[in-house]
Every structure is written in structure tokens, then in C-alpha cells.
Amino acid sequence: IFDRELWNVSMRELQAEPEELGVCQVQVHGLLEKDSKIMRSMNPGDIEKLMSLKGIVIRCSDLIPDMLSAIFRCTVDDCKNEVSVPLSHWAIEEPTRCESCGSNHSFQIVHNESTFSDRQILKLQEPPELVPDGETPQNVAVVVFDDLVDTVRPGDRIEVTGIYRAAPVRPIKNFRQCSAVYRTYIDAIALAPEKKERIDLSTNDLDFAQGAPPKLAEKRDLNPEHNPEQEIKWNLKIRELAAEKDEDGKHTIVGKLVQSFAPSIYEEDEVKKGLLCQLFNGTPKAAGLSSKGRCRPEINTLLCGDPSTAKSQLLSYAFKLAPRGVYTSGKGSSAVGLTASINKDPTTGDLVLESGALVLSDRGLCCIDEFDKMDESARAILHEAMEQQTVSVAKAGIVCSLNARCSILASANPKESSYDPKLSVVDNINLPKNLMSRFDFIWLMLDKRDKEMDSRLAAHLISMYAVSGMKKRVEPPVDSELFRRYVSFARRWVYPQISNDAANALVKAYTDLRNQGSSREAITATPRVLESLIRISESLAKMELREEVDVADVDEAVRLVKAATYAAAIDPETGLIDMEQLIVGMGAAKRKRNKDMEQLFQDVLAERAADGNSITIDVAKQVINERLAEKREQLANEGEFNTAMRNGEQAGWCRRQGRQLEYR
């Protein structure tokens, strides 16, 4: 009725021809609270009623052509009469008799001249916060038409307004007989993004070849033609907040954001600043023809440390602020659950691809708790996702590469539950070495025993629950709604570029880090560290809504990386930074010790071979320990000796027969 009346009004006002005007569709938004339903409360009494429903899109079907009217042509040679039959009660009846020539059952459908509309089927899942304890989330099918097709994608949180309908099911395809159980779905009238509790989604990667990114000075965010009045008020407030300075003339916004991020967690300001960098991310780079493709602006973070150091709390707070995101646990995640699974569509019977956690959090944040307890097969998936930002799938005849342009925030516990400072970070965490080098930040959150700090922490915790403490509690300087909108604004409108001074500072910082090692063998920085410094510098500039990265941002980025990753990369045997242990799994001192043991083992075997004698394993171990004792070095243990012997066998200069060793 609404569509027809709107069409009549449009005809009168525009005075256009009916063919030129096209179809008018009314979209209804914002129903009353009594018409807002949750999935598990819908029942047969709601069928054929208008309602609104919130959920997360977990699957979008391909575009399906839906026939509105069919053209039938008579097959008799002399007739060729054409008849148009409109859709009636969800079916098109083929005409049985030709009015022109009188032939029976002579009509044939002409597909090219028939009229179709676009149709798509979405699968909507209950949001996690509405699922009762111990229950599994429920799903509902949503059918969208015409303009609503392809407006959402998997992972989006939306509010659907539509009519709850029931359709009969035919157990046997071509029979008229129907089942007594009907299939329900929602016939969508309007789709609206749910923005209540999350920051808005940033724009797609800009095509810099066609034009430069928007400048903040152009004030496009304040243009009333493209932005509603309420949005412009928030944008003005955000600009004022970013412009605030203290008595020394320095911007205060970064300090305020750090204080407002997870205010219930005591101190840990450095970690909070690192997580803020991850929320803002770097600047998307142009994918040049000669470059390696898309340079990732997303920052990956690993929180590692003792139990009860608020790792999971920081994870959940960052997850609530992220534009899109999935929160999952390491033990409960499989490789298929992270990437994509192949399922059979219940309506068509075709094999369809359902997105996993990494694909659903595209352009958002994927939080993985208990990262160390993940299966090896599931963890191997992350190698591609964390650097190439894609997930490749080749199963059941479906070969594709899905986008997974998400930041990964993971938390892990050490092997023995508590962190051992005498061991390196690689020995403490049960993770693949090459995976750890893909993290921009590795924060060590250790439970240090300090009487003064313990008393302050206890007072802070008590104040959260005591009546007197609640009265004294200081409100965060930036409230949660403004915080979300600030992050959203920065991601949408601010694209910092690196100045010449900042570029020189980055080169100097990288070379200084490279030359920090004790010897040529110790690697203290890799090109991935330089890329991390670029991303972190850009995110720090973005926090202050600046369009140019300066030297101070680079210095702060280097300080944060040293406070996080470099604190984790210290070799406990030498006390020096050694980034290669994150790649090969052992420190420089241990590598040198293994090399010396191998050389000593080779010398002992060569001497015995020159005398024409063979040697047993026990005698070789005894001679090696005697030589080490003469040099006043630590004696070889069983593991070191076995490693040297195995390396000799692989190199080909040592052969073992039982307990006898032979030099070649």
C-alpha cells in the first residue's frame, strides 16, 4: 500500500512517464520497543507481522534472479503469439490454450524477455550478549530484494525490519504435496547497521592512484550535504578535544585516551598505549604495480605473562571498542573455525562456504584468548593471515582466497603457568618461533612482588567495591561514547604521511637497533621491526589527529617497541637483545655453545681416526668433558652432546654403528 501511494505521489509531483519512474519502495526504520523481538522469543503468533530483529550476519548467498513476470510464446510456426503472465501467489501459471490459433499446450517460456528482480538470502545469528548461559545461538533466514542486495557482508551487526513469514516445504521437489512443517524466514523491508556499542567501520582501502586521501583541513566531515547534523556536532566536539593543550603547549589527548582505556585496570599504561595503537592502526598504503601488493597497516599484539595480570580483561575491552570483531579461545578454535567451512545449503542443497573468525573480523579485531593452548593445525593458519592478510581455501571444489585484513590480539600463558625470567621468551611460551616474529608488540605482563605496589593495587581493587571508594572514584576524562566516536573519526578521516625528518629518524633508529648486538652473530632487528615502527608511528600521529608523522612519534614508537618486544627478546644468558631467538628459537650464547661443541666433537673424532682407532660414545663424551674442564667451561650435558652428534651425522662427517663412532 505504501509503495503504491508513494508511486502515485511521485507521479503527480514529478509528472514523469510511468516507465521512466520505475519502482518505489518504502523502508520502515525504528519500530516501537514492543515490536523489537529477539530470535528465541519469536513464535507462530508473530507470522505475517512487522518486527525488528538484531543479529550478526554469518552468511550471504549469491544473487538469485527472482521472476516477476514471464513471457510465453506460442510454438506454432504461423502463430508466434506472445502472452505476459505476472507473478500470482508466488507462482506463475503457464497458459494452456493459445487465444490466437487455438492450440493447446503450445506455449514455451522466453527467459530473455521475462522480468526479474534481485534476491539474496542472509543467515542472521543471535548476538553473543543475548544468548542465555549454556545455550547455543539461534539462526534465522532473511530474504532481501532489489536495493537491499549486497548492502551487508558476513560479520556485520545489523538491525533488520521486516515481516515474519512462513513458507510451505515440498518433501518431493516436483510434487504438489507439501509438508505440515513450514519453513520460516523474514522478508526484509529495511537493513540498518547497529552502531550503539561499537565504533563505526573505517572506509575501504583508498585507491590512491585515482586521488589522494581526504585531508582533515578540507573539513569534509563537517559538510552538511554528506553528514547528518548530529554527526557534525560529534565531529566538532572531537576536533576540540584533539586541539586541547596543557600549560607547556603539548597535546593532552593521548594521556586522556590512555586513562580512559579500561579504567578499572590498575596502571599498565604502556600496554594500554600499545593496544590503543592497535585500535587506531597505521595508514593504508597504495598497492603499487611493482610493490609486493598490500602493505598491512594492522598491528598485531601478543600479551604474555603470569596469571591474574588482567590479560583477558584488556582483550575484552579492546574487543568491545573494535569496529568488527570476533572473540575466541585458543582451545575452542579449530583451523576450520578460524578460516572457512564448507556446509550444505539446506534450501538449495549446494555446497556453500561459511566464513570463520578471521574472515568475519575483516577490517576489525580478532581476539584470541589462551593462544598457547591452540592446536598446531589451527596455529599454522595464522602464518598467512598475519602477514599476507588473506586466507586461502581449497576444499570440496571451492578454491578461493578470502580477505582477513584484521589485527590479531592474542594472550598466552607461559609453559609452567608462571614466567621464568631465567629462560628466554621462546622457551617460556609454547609457540612457533616464526609466528612470534609476526607480532609487532610482545608485552610481558609479569606479577612482580613489590610491597608498595601491592598495597596500591589492593587499595584500587577495594575502591571498586567499597562504598567509600565508589564516592572517591575519578571519572575517566573521555566518556565511552566519545571514546568510540573519536577512534572512529580518526580511522575514517585521518591518514598521516611520513615527513622527511621522520623518515631519517626511522632509518637511524633501525640502524641503531641493528648495531645493538654484542657480535655479528646476534641479530637485534629485522625488516619486520622497521615496518612495525612505521605502523606504530602513524598510529601515534593518528591519535592526535595529525596528518604528518614527526620525529617525536618515531621516538615514542621506538620506546614502545623497546618496552615491549625488546624486553621480551633479551637473552637471559647474555643479558643482551637478540631478535634471532624469536626466529630460530635460541639465543646467541646458546647458538655459539652448540657450534663450539660441534667443532670440539669433530676434533676428538678426527684425532682418534688419525691414530687408526675407533671410539665409543661414552669415551667421546668423557674426552670432550676433559677438554672443557681444561678451558674451565661448563661440562656438556646429554642434550648438548646428542645435538652435536646428530649435526655431525647430518653433515656426513660422523657415522654411528651401535655405540661405536666412526669419522669420515
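Up top is the structure these notes are about.
It should be emphasised that the depicted structure is a prediction, and the values quoted were computed from it without experimental measurement.

### A look at the overall build of the chain
- Secondary structure assignment for the chain yields 21 helices and 22 strands.
- For the chain, buried positions account for 42% of its 664 residues.
- Here the contacts in the chain between residues at least 6 apart in sequence split such that 67% fall between residues at least 24 apart.
- Total accessible area on the chain stands at roughly 36,100 Å², and carbon and sulfur atoms take up 50% of it.

### Points about the sheet that holds strand 10 (residues 325-329)
- Read from one edge to the other, the open sheet built from five strands follows the order 10-13-16-9-17, with strand pairing classed as parallel. Every other strand in the sheet has two partners, leaving strand 10 and strand 17 (441-445) as the edge strands with one partner each. Geometrically, the sheet is characterised by an average inter-axis angle of 15° between neighbouring strands, direction not taken into account.
- When strand 13 (residues 365-369) meets strand 16 (residues 407-412), the two strands line up parallel, connected through four bridges. Each residue of the ladder has a partner; that of Cys367, found in strand 16, is Leu409.
- Where helix 5 (residues 269-280) meets the sheet, it contacts strand 9 (301-305), strand 13, strand 16 and strand 17, and its direction lies at approximately 155° from that of strand 17.
- Along the sheet face, helix 6 (residues 311-321) touches strand 9, strand 10, strand 13, strand 16 and strand 17 and points at about 160° away from the line of strand 13.

### Observations concerning the environment of Gln138
- By the secondary structure assignment, Gln138 is in the loop between strand 5 (107-125) and strand 6 (139-145).
- Assessed through its relative accessible area of 34%, Gln138 is described here as partly exposed.
- Sequence-wise, Gln138 and Gly55 are 83 residues apart; in three dimensions their C-alpha atoms are separated by 9.8 Å.
- When neighbours within four sequence positions are excluded, Gln138 is seen to be in contact with Met39, Arg40, Leu124, Gln125 and Glu126.

### Quick look at the pairing of strand 16
- Taken across its six residues, strand 16 has six buried, putting it largely inside the fold.
- Burial of the side chains of strand 16 extends over both faces: Ser407, Leu409 and Ser411 are buried on one face and Ile408, Ala410 and Ala412 on the other.
- Bridge count for strand 9 against strand 16 is four bridges, and the pairing is parallel. Bridge pairing links Leu302 to Ala410 in strand 16.

### A closer look at the packing of helix 3 (residues 229-243) against helix 14 (residues 480-493)
- Following both chains from N to C, one finds helix 3 and helix 14 inclined at 85°, their axes separated by 10 Å at the closest point. On the basis of the axis angle, helix 3 is roughly perpendicular to helix 14. Counting all contacts with helix 3, which are made through Glu231, Trp234, Asn235, Lys237, Ile238, Arg239, Leu241 and Ala242, the residues of helix 14 involved are Glu481, Leu482, Arg485, Tyr486 and Phe489.
- Grouping the amino acids of the contact of helix 3 with helix 14 by side-chain chemistry returns seven nonpolar, one polar and five charged.

### A word on the sheet that holds strand 22 (residues 660-663)
- Read across the open sheet, the three strands follow the order 20-22-21; overall the sheet is antiparallel. Across the chains shown, the open sheet's two edge strands, defined by having one partner strand only, are strand 20 (615-616) and strand 21 (654-657).
- Looking at chain direction, strand 21 and strand 22 are connected through four bridges and run antiparallel. Of the residues in strand 22, the one forming a bridge with Arg656 is Leu661.

### Some thoughts on the packing of helix 5 against helix 6
- Between helix 5 and helix 6, the least distance of the axes is 11 Å, while the angle of their chain directions is 30°. With respect to their mutual orientation, helix 5 and helix 6 come out roughly parallel. Classified by chirality, the crossing of helix 6 by helix 5 is right-handed. Of helix 6, the residues touching helix 5 (which contributes Val271, Lys272, Leu275 and Leu279) are Leu314, Ala318 and Leu321.
- The residue makeup of the contact of helix 5 with helix 6, split by class, is six nonpolar, no polar and one charged.

### Concerning the packing of aromatic side chains
- The tally for this structure, following the rule as stated, stands at six aromatic pairs.
- An angle of 75° between the planes, with centres 5.1 Å apart, marks the rings of Phe261 and Tyr317 as edge-to-face. With Phe261 in the loop between helix 4 (253-260) and helix 5 and Tyr317 in helix 6, this pair connects stretches of sequence that are 56 residues apart.
- On the basis of relative accessibility, which here comes to 0%, the residue Phe261 falls in the buried class.
- On the basis of an interplanar angle of 85° and a centroid distance of 5.9 Å, the ring pair of Phe371 and Phe439 is categorised as edge-to-face. In this pair, Phe371 sits in the loop between strand 13 and helix 9 (376-387) while Phe439 sits in the loop between helix 11 (433-436) and strand 17, placing the two residues 68 residues apart along the sequence.
- Relative accessible area serves as the criterion here: at 4%, Phe439 is assigned to the buried category.
- For Arg492, the ring lying beneath its charged end belongs to Trp493, and the centroid distance is 4.0 Å.

### Describing the environment of Gly364
- The topology assignment puts Gly364 in the loop between helix 8 (357-360) and strand 13.
- The exposure class assigned to Gly364 is buried, which follows from its relative accessible area of 6%.

### A closer look at helix 5
- Taking 1.5 Å of rise per residue, twelve residues should cover 16 Å, and helix 5 covers 17 Å from first to last C-alpha, within 8% of that figure.
- Turning to helix 5, its buried residues are Val271, Lys272, Lys273, Gly274, Leu275, Leu276, Cys277, Gln278, Leu279 and Phe280.

### Notes on the nonpolar core
- Core analysis: the largest hydrophobic core is formed by 62 residues, its most contacted members being Phe261, Leu314, Phe441, Tyr486, Ile536 and Leu545.
- The greatest single-element share of this core, amounting to seven residues, is contributed by helix 14.
- Within the second largest apolar cluster, 32 residues are counted, among which are Ala378, Leu382, Ala410 and Leu435.

### Concerning the state of the cysteines
- Going through the model one piece at a time under the given rule, you end up with zero disulfides.
- For the unlinked cysteine Cys366, the closest cysteine sulfur is that of Cys406, found at 5.3 Å.
- A relative accessible area of 0% means that Cys366 is categorised as buried.

### Let's talk about helix 6
- Among the residues making up helix 6, those that are buried are Lys311, Leu314, Leu315, Ala318, Phe319 and Leu321. For helix 6, the buried positions fall inside an angular range of 165° around the axis, keeping them on one side. Facing away from the buried side of helix 6, by more than 90 degrees, are the exposed residues Gln313 and Lys320.

### Re unusual backbone geometry
- One non-glycine residue, Glu48, lies in positive phi territory at about 65°.
- Within the secondary structure layout, Glu48 lies in the loop between strand 1 (36-37) and strand 2 (50-60).
- Phi is positive for Glu370, which is not a glycine, with a value near 50°.
- Position of Glu370 among the secondary structure elements: in the loop between strand 13 and helix 9.
- For Glu370, a relative accessible area of 24% puts it in the partly exposed group.

### Notes on the pattern of salt bridges
- Counting across every chain of the model gives 15 salt bridges.
- When the shortest N-O distance is used, the salt bridge between Asp440 and Arg535 registers 2.8 Å. Residue Asp440 is found in the loop between helix 11 and strand 17, and its partner Arg535 is found in helix 16 (residues 527-543); the two are separated by 95 residues along the sequence.

About the cut-offs
- What you see as residue numbers is a count from 1 along each chain, following the sequence as written.
- Given that this is a predicted model, residues contribute local features only at a pLDDT of at least 70 and side-chain atom pairs are listed and counted only at 80 or more, while totals for whole chains, interfaces and linings are drawn from all residues.
- Note that the side-chain values use all heavy atoms of the structure and ignore hydrogens as well as water.
- Helix and strand definitions follow DSSP, with helices as H or I runs of at least four residues and strands as E runs of at least two, each counted in order from the N terminus.
- Whether a residue is buried, partly exposed or exposed follows from its accessible area with a 1.4 Å probe, protein chains only, as a fraction of its type maximum: under 20%, in between, or over 50%, in that order.
- Note on contacts: a residue pair is in contact if any heavy atoms of the two residues lie within 4.5 Å.
- Only the protein chains shown count as cover for residues, with accessible areas throughout obtained via the Shrake-Rupley method and a probe of 1.4 Å.
- Whether two strands pair comes down to DSSP finding at least two bridges between them.
- The axes are straight lines fitted to the C-alpha atoms, using for helices just the contacting stretch, and the angles between their N-to-C directions are given from 0 to 180°.
- We call two directions roughly parallel when the angle between them is under 35 degrees, roughly antiparallel when it is over 145, roughly perpendicular when it lies between 65 and 115, and oblique otherwise.
- In the scheme used here, Gly and all other residues not listed as nonpolar or charged are polar, with Ala, Val, Leu, Ile, Met, Phe, Trp, Tyr, Cys and Pro taken as nonpolar and Asp, Glu, Lys and Arg as charged.
- Handedness of a crossing is defined here by the sense of rotation of the near helix relative to the far one, left-handed for an anticlockwise turn of less than a right angle and right-handed for a clockwise turn.
- Within 6.5 Å between ring centres, the rings of Phe, Tyr and Trp (the latter by its six-membered ring) count as paired, and their orientation is classed by plane angle as stacked under 30 degrees, edge-to-face over 60, tilted in between.
- Charge over a ring is defined by NZ of Lys or CZ of Arg lying within 6 Å of the ring centre and within 35 degrees of the ring normal.
- Residue count minus one, scaled by 1.5 Å, sets the expected span of a helix.
- Here, the term nonpolar core denotes a set of buried Ala, Val, Leu, Ile, Met, Phe, Trp, Tyr and Cys residues that are joined through side-chain atoms within 4.5 Å.
- Note on disulfides: each one is a pair of cysteine sulfur atoms within 2.5 Å.
- Comment: arc refers to directions from the helix axis out to C-beta atoms.
- A carboxyl oxygen of Asp or Glu within 4 Å of a side-chain nitrogen of Lys or Arg is what we treat as a salt bridge.

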